[in-house]
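# A look at the structure
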Amino acid sequence: MYAIKETKLTDLEKLEDKFDDIIEDLNEKIVELEYINDRQASEIGDLQSDSRITDCKIDELESQVDNLESKLEELTDG
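The following refers to the structure shown. (Residues numbered from 1 in each chain as written. Predicted model: local features only at pLDDT ≥ 70, side-chain atom pairs only at ≥ 80, totals over all residues. Heavy atoms only, no water.)

For the rest of this paragraph, the subject is the overall build of the protein chain. When you go through the protein chain residue by residue, the secondary structure sums to one helix and zero strands. On C-alpha atoms alone, the protein chain measures out to a radius of gyration of 33 Å, which is more than a quarter above the 12 Å that the 2.2 N^0.38 rule sets for 78 residues. With the principal axes as the frame, the protein chain shows a C-alpha extent of 115 × 10 × 5 Å. Counting the 78 residues in the protein chain, one finds 0% classified as buried. Once the 9 positive and 25 negative side-chain charges of the protein chain are each reduced to a mean point, those two points are 13 Å apart. (Helix = DSSP H or I, 4+ residues; strand = E, 2+ residues; numbered from the N terminus. Rg over C-alpha atoms; globule rule 2.2 N^0.38 Å. Buried < 20%, exposed > 50% of the residue type's maximum accessible area, 1.4 Å probe, protein only. Lys, Arg positive; Asp, Glu negative; His and termini not counted. Charge placed at Lys NZ, Arg CZ, Asp CG, Glu CD.)

This brings us to a nonpolar patch on the surface. Side chains of Leu9, Leu12, Leu15, Phe19, Ile22, Ile23 and Leu26 sit close together on the surface and give an oily, nonpolar patch of about 670 Å² of accessible area. Within the secondary structure, Leu9 sits in helix α1 (residues 2-77). For Leu9, a relative accessible area of 47% translates into the label partly exposed. (Patch = residues over 30% accessible without salt bridge, like charges linked within 9 Å, V, L, I, M, F, W, Y side chains within 5 Å. Areas by Shrake-Rupley, 256 points an atom, 1.4 Å probe, with all protein chains shown as cover. Salt bridge = Lys/Arg side-chain N within 4 Å of Asp/Glu carboxyl O.)

On to the environment of Tyr35, then. Along the polypeptide, Tyr35 turns up in helix α1. For Tyr35, a relative accessible area of 53% corresponds to the exposed category. Considering only alpha carbons, one finds Tyr35 and Asp55, 20 residues apart in sequence, at a separation of 30 Å.

Shown next as structure tokens:
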């Protein structure tokens, strides 16, 4: 009878160890996913900043083109 209880206890301990391993593995995956998420959020922020800078440069270039077109019109009309 004692051997059966000890075997059941050992089986429970093994099962508990498996659950602990699974939980530890899942925790590691969560940490990794959080890191990836943070890194991607940072990259998105960088891209948004680059996009705003590019938009400003495009606006400046469009303004310069408009000025040059105006000057060209003045020269051709004058």
